[in-house]
Structures are given as C-alpha cells and as structure tokens.
Amino acid sequence: MSPRLLKKTLLRLGFWCLIGILLVYAVFPFYYAIVTSLKPSSALFQVSYWIDNPDFSNYAAVLNQASFLRAIGNSLVVALCVVTLALFLSLTAAYALGRVKFRGRGPVLMMVLGVSMFPQVAVLSGLFEVIRALGLYNTSWALILSYTIFTLPFTVWVLTTFMGQLPHELEEAAIMDGASPWVTLTRVLLPLLWPALVTTGLLAFIAAWNEFLFALTFTLTDSQRTVPVAIALISGGSPHELPWGLLMAASVLVTVPLVILVLIFQRRIVSGLTAGALKG
Amino acid sequence: MIKLKLDNVNKQLGGARILRDVSLEISAGEFVVFVGPSGCGKSTLLRLIAGLDSICGGDLLIDGRRVNDLEPRERGVGMVFQSYALYPHMSVYDNIGFGLKLAKTEKTSLRERVLKTAQILQLDKLLQRKPRELSGGQRQRVAMGRAMAREPDILLFDEPLSNLDASLRVQMRNEIARLHGRLGSTMIYVTHDQVEAMTLADKIVVLNGGRIEQVGSPRELYERPASRFVAGFLGSPRMNFLAAFLHAPGETSQVESLVLGRTTLPVDSSDLAANTQLSLGIRPEHLSLKAAQGTTGLVVSGVEYLGSETYVHLDTGQDEPMVCRCEVNAGWRIGDRVELQLDIDNLHVFDAHGTALKRRAIESLPAGVAPHPASAGVL
Ligand SMILES: Nc1ncnc2c1ncn2[C@@H]1O[C@H](COP(=O)(O)OP(=O)(O)OP(=O)(O)O)[C@@H](O)[C@H]1O
Ligand SMILES: [Mg+2]
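Basis of the calculations
Residues numbered from 1 in each chain as written. Chains lettered and ligands numbered in written order. Predicted model: local features only at pLDDT ≥ 70, side-chain atom pairs only at ≥ 80, totals over all residues. Heavy atoms only, no water. Domains from an automatic or database assignment. Contact = heavy atoms within 4.5 Å. Buried area = accessible area lost by both parts, 1.4 Å probe. Salt bridge = Lys/Arg side-chain N within 4 Å of Asp/Glu carboxyl O. Nonpolar A, V, L, I, M, F, W, Y, C, P; charged D, E, K, R; others polar. Helix = DSSP H or I, 4+ residues; strand = E, 2+ residues; numbered from the N terminus. Buried < 20%, exposed > 50% of the residue type's maximum accessible area, 1.4 Å probe, protein only. Pairing = 2+ DSSP bridges. Axes fitted to C-alpha atoms, helices over the stretch in contact; angles between N-to-C directions. Near = heavy atom within 4 Å. Polar contact = N/O pair within 3.5 Å; in protein donor to acceptor, adjacent residues only side chain to side chain. UniProt positions renumbered as here; feature names shortened; annotations may be inferred.

Draft legend 1. Structural context of the domain arrangement of chain A. All names here are of chain A. As far as domains go, chain A holds domain 1 (3-37) and domain 2 (62-274). Put simply, the middle of domain 1 and the middle of domain 2, counted by C-alpha atoms, are 33 Å apart. If you look at the interface, domain 1 gives 5 residues, while domain 2 gives 5 residues. Note on domain 1 versus domain 2: buried area summed over both sides is about 420 Å², and carbon and sulfur give 90% of it. When the buried area of domain 1 at its contact with domain 2 is split by residue, F30, T36 and S37 rank highest and sum to 74% of it. Inspection of the domain 1/domain 2 interface yields 0 salt bridges. Of the residues assigned to the side of domain 1 that touches domain 2, the class counts are 3 nonpolar, 2 polar and no charged.

Put into structure tokens, the structure is as follows:
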C-alpha cells in the first residue's frame, strides 16, 4: 500500500471514528433512557444495552397518572400560547425594527439583545413579585407571561434580521398597490418569512416545553404544573426510592412530540436557516 | 393638456440637497425620459412623483390638483421597479390582481381586468405560474402588468430593462413603445441607456446634480444642446471638445483654437469680453478627414473598428484625443497624418460656465419629428 493511500485510509477511519464518538455522545443518554423505560423495575439494575423483551408497564403507570396527563395538557397550552404570542409580538416588532427607519432603532435593538443576556435566576425574585401583583400566581398565565418575556428578545432579533433581508422594493410595490402596513406585513412579507417563523416558533416551543425553574417557582398545585416539574416530582413508593423506570418513560413520552415536530418542520427549518445564511 | 406639473420641487436627505428647484411640465399621453449620470437624482424624482418619498419643498400637481400629501394609491400612478419586485409567493394572476383586490374591486370585473392586462402583455398562458418559473422578460412584463392593472393615468418606470440582456432589451424596448401607443397613458421612464432614451422619448429631461439641465425632444437635445454637459452626455462616442478663446466678440464671433486656428462662427458673443475662454464642441460624425501634406495636420493615434463604422482617434496634444467617425474602408492607420474638415453649422460653442452661445441664425429644426400619436386607450 502506498503511503498516500494509507494516509487517506487513516484519515477516513479517523473521520468516521470521530463521527461515531459524537453520535454516541449525543444519542446514548436518550437511548439509555428508552432502554431503561422499557424494563420492569425489578430488572432496573441489570446493565444491558439492548432492548430484549420490552415491558410497557412503566408507560402504563405513567399514563394512568391523571396528574401527568394534566401536566402534558398544561405544557401544551403554555407552549402554544407562548409561541403564538411571541410570534405575533416579535413579527410586528420586527416589522418596525427591520423596515421602518426611526430614531433610536439601534439602541432599542441593543436593549433587546442586552435583556436576553440576563440569567433566569437574576430576575426570578422580581418576576415573582410581578406575578403575585398581577394575581397570576399558580396559573398557566404566569408561565405564559414569563416565558414570553424570555423568548421575545431571541425571536425579535431573529425575525428582525430576516425582515431586514427582504428587498425594500417589495414593500414599495405593495405600497404602490395600495396596501396598508398591516396588509403589507400579512399578505406580502409574512408568506416570505414562513421558514423563519417556523424556526423561531419551534425553538420557542422547545424552550417553553422544557423550562423548569419558572415552572417550579410559579406553580404550586398539581393541576397547574407543567411536564418538567411533574417529571421531577414523580416519586416512588418510599422517600428512598427513585422510580427510574417511571421517570424515563415520562421523559420519553415528553420528548417524542418534540422529535415529531422537528421532523415535520425539518425541511422548513433547514431552508429557514440557509435562507438567512445565504443572502446579504 | 398638462397632466403632471412639478413646481420648484426640492428634496433633502440627511442634509444633502438631492433635488434643487425642479420645475417641469408633462402633457397627457407624453413619453418622458429622465437621463443623467449616476446619482443625479433620477430615481429620487420618480419616487417623489410616485409618492414613495415625501417632497421637502415645492408642489406636485396631477391634473391641476396638488398631490404632495396624497398616498401613492390616491395619485393614480403605477410604478415598475428595476428589480421587478414581484410577489414571489403569488401567481402571475395574483400579482397583477393584487392592487385591484386591495381596492375591493368586484370579483368578475377584477378577473376581466387581469385577463385583459395579461392579454395585452401576452401573459395569458402564464397566469398560473409563480414568478420564479418565468424568464427575465416575462417577469418584466408581469411587473408592467401589475403597474397597469389599476389603469393609472401615469406609469413610472425606473430602469426597467437594465437587468435584461442586450437582445431582450431591444425587444422589450419595442414592446414598451407599442404599449405606450396602445394605452396612451403618460409614461415617465428613467434610464441609463441612451438608445432607450432617444428612441422612446417624446421628451427627454437631462438631470445633473439634482438640477434639470435641459428639457426637449431627443432631436433638440442632440442637435442643439443648451450646455456643455448635455452635449457631452448625449451621443456615443462623446462630442469632442476643444479649448479655444474668443478673439473678437460680436454678433458673429471670431474664435481661435489650437487645432482649428482662427475661425469666424455664427454665434452671438456680444455679452462676452475678448480673450474669454470658450470651448468648442463637435460630434464625431461631423468631422471628416483628408490626408495631410508633409508634416502638417494631426496624427492618428488609434483606430477602433466596429464593423459598420470606424472611430479614428486623433492626437491633439490635449488630454483626450479627438474622435472622428469614418467609413470602414477609409483605411486610416495609426501614425497617418490627417487634416480635419468640419462643418461649421454643426459646431457648438460654450462659454466658461458651459452654457451654449446663441446661434445667430434663427434656429429651426428640420420637420419630421412628430411626437408619438397618443391613440385612444385600449385598456
Ligand atoms: N437616504 C439617503 N441619504 C442621503 N443621500 C441619499 C439617500 N438616498 C440617496 N441619496 C443620494 O441621492 C442622490 C440621488 O440618488 P438617486 O438614487 O436618485 O440617483 P439616480 O439618479 O437614480 O442614480 P442611478 O442612476 O445610479 O440610479 C445620490 O447622490 C445619493 O447619494
Ligand atoms: Mg436610480
């Protein structure tokens, strides 16, 4: 074998090894969760990496808990509301920030970016006071409000960037056609922003779906909890037992909708991401 | 009838004066072309008329009504953008019909109008296509259709053909001329292309640095430029300019220049003092060459062969060589010595500020430049 061919083979080998490592690193925890969720609790501590005879008792147990189903419902409502609200607000904000020239536009954008850098913990106590004052404590609205606050800077920033890249003449053509700003936004610009909307909407959804800290702080009763908190609060028969099987089954159940969503919108997301990358 | 009138229109942007005291009258059915160097304010002027930018000073009147503060849709103007700016997600039909739909046109009449517009522009077969499935020329037509659909009295074009290749440009140029004949609407057209300007225009407006330099028919502008700028801007190759000074002012002027020596020209220079700097302008086609004897005359410094004609460059000792348009088989070569012969009637004289001196003889243009007949509207 010539040295050149050898080098090429080795490089290729190294490349695939790297990919393998990355793959294991990324997928293994999730895979192991699935494996664990499919074992009866008696078999929990037998280490095995394959699914031999799947046992769905954990799933049955989780789905039989009314509070868990309730939590999924809450999470769905909260996440969908957050997405709708955030997209509506950020779309209109992005139209102003990306299309209209006004004094103080730069500072506003900088402020939006600056706000998004605060860690959650830093605003937790302040936000708690606000929510108490508004009488939203232990309601889904508390979560919707706080998640929207935290998603908006990101969605506004991304949509402003996309909006700024749409050609100006398109808007002017709409004006010549007699379109009001609202019509221009909804009938001309919005259809072109779909990929960006789907991308940011999905990311906002995932963030709201997975959020833990606010959900734990702002809700009290089972009937208002969202999924991450509900999972964390699943307890076993005794204080000293962690029902791993149940936890894993619940986690898998909660992750599957996200995976399905991503798969549905995958093509849109990709085109959204490149549409932003290729132009300008 | 005056369709559109600009009265001392001014435009400022960020402290810079972009248009200064622009006054212009445009008759109904006229085809007006704005030309000028890049950055002179052509697009700005067009956008002011469209209503996309606001006017800082002066009045804009359409049909005698002041429209400064009206929305674009209330002015009865349509605009075709350089980049077409078609709505990418709408079919050709929806692109053309969008404005009508927004104007709450009734459905059957909307359909009728869109189909009629499409038919005029030969887009009938493409109505269901999206813009990305069209060729450049077809997109261009859709853009025109969109501007026409609401039947505006005034159509504005901002360099509509500059994205097309040369042969398509010629084709579309002819189509626009036909369209104008057919619709009879007033059209204002911005272009960089001299051929487009000369062939399409009833009236050319030459802009320079935000000011109107001259307004007139293509022939007037070409044959009687009012300033050195207009003279140099129109025509390709450019008019030749020679430095000269006024030897004896008067109703006919005696002028002295390096190449021509002392000549008497039929222009009125009675306002000027003797020895003022002048410049003489002569177009390449008004020069003819003759072989020179011995070491007299000018040296040929370059020959450009274009197939139908040849441009001969002559070294005059100035920065720029003089260019002479010759027949292909005249046979001049680099290094030949030639004598210039020129037609005094076609010599232009400009003073130090670039203003053309008045010709003494009464200026009358040869007949035969009738404006486009504005036939009855078909749409
Ligand atoms: N927003 C702005 N702020 C300041 N100056 C501007 C602005 N927009 C345009 N200008 C200036 O206005 C002048 C006229 O611009 P305009 O676009 O009308 O030129 P134009 O004649 O259409 O040029 P071109 O032939 O290149 O299209 C230019 O000198 C340009 O620099
Ligand atoms: Mg322009």
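Draft legend 2. Here's a closer look at unusual backbone geometry. Residues and elements named next belong to chain B. With an omega of -5°, the peptide bond between S236 and P237 qualifies as cis. The residue P237 is located in the loop between α8 (228-233) and β11 (240-248) in this model. If you check the backbone angles, A85 has positive phi at about 50° while not being a glycine. In this structure, Q122 takes a positive phi of about 55° despite not being glycine. Within the secondary structure, Q122 sits in the loop between α3 (107-120) and α4 (136-148). Assessed through its relative accessible area of 46%, Q122 is described here as partly exposed.

Draft legend 3. Local environment of the sheet that holds strand β2 (residues 16-27) of chain B. All names here are of chain B. Pairing is antiparallel across the open sheet formed by 4 strands, whose spatial order is β2-β1-β4-β5. Since the sheet does not close on itself, it has two edges, and those belong to β2 and β5 (65-66), each with one partner. When strand β1 (residues 2-13) meets strand β4 (residues 57-62), the two strands line up antiparallel, connected through 5 bridges. By the bridge assignment, L4 is partnered in β4 with I62. Contacts between helix α1 (residues 42-50) and the sheet are confined to β1, β2 and β4, with β1 contributing the most and set at about 120° to the helix.

Draft legend 4. Quick look at the site of ligand 1. All names here are of chain B. The immediate surroundings of ligand 1 are formed by L13, I18, S38, G39, C40, G41, K42, S43, T44, E159 and H192. S38 places a side-chain nitrogen or oxygen 2.4 Å from an oxygen atom of ligand 1. Contact between ligand 1 and T44: an oxygen atom at 2.4 Å from a side-chain N or O atom of the residue. Per-element accounting of the shell around ligand 1 gives the leading share, 3 residues, to α1. Here the shell around ligand 1 is built from residues that sort into 3 nonpolar, 6 polar and 2 charged.

Draft legend 5. Structural detail: the pattern of salt bridges. Taken as a whole and judged by the stated rule, the model has 19 salt bridges over all chains. Ionic pairing is found between B:R47 and A:E172, a salt bridge with its closest N-O pair at 2.7 Å. Here A:E172 lies in helix α7 (residues 168-176) and B:R47 lies in helix α1, a pairing that spans two chains. The burial state of B:R47 is the same as that of A:E172; both residues are buried. With a closest N to O distance of 3.3 Å, B:R169 and B:D193 form a salt bridge. Taken together, the residues B:R169 in helix α5 (residues 166-183) and B:D193 in the loop between β8 (186-190) and α6 (194-200) connect sequence positions 24 residues apart.

Draft legend 6. Structural detail: the domain arrangement of chain B. Along its sequence, chain B is carved into domain 1 (2-226) and domain 2 (237-375). The gap between the C-alpha centroids of domain 1 of chain B and domain 2 of chain B is 37 Å.

Draft legend 7. Molecular detail of the side chain of B:N10. Residue and element names in this part refer to chain B. Residue position: N10 is located in strand β1. A distance of 3.3 Å separates a polar atom in the side chain of N10 from the backbone oxygen of N8. Filtering out sequence-adjacent residues up to four positions away, N10 remains in contact with R17, L19, R20, D21, I55, C56 and G57.

Draft legend 8. Layout of the UniProt feature "transmembrane region" (unreviewed entry) in chain A. All names here are of chain A. Using the residue numbers shown here, the UniProt feature "transmembrane region" (unreviewed entry) corresponds to residues 12-34, 76-96, 108-128, 140-164, 185-209 and 244-265. Note that residues 108-128 is 81% helix and 0% strand, and that its end C-alpha atoms are spaced 25 Å apart. The annotated region residues 185-209 carries 100% helix and 0% strand content, and the separation between its end C-alpha atoms amounts to 29 Å.

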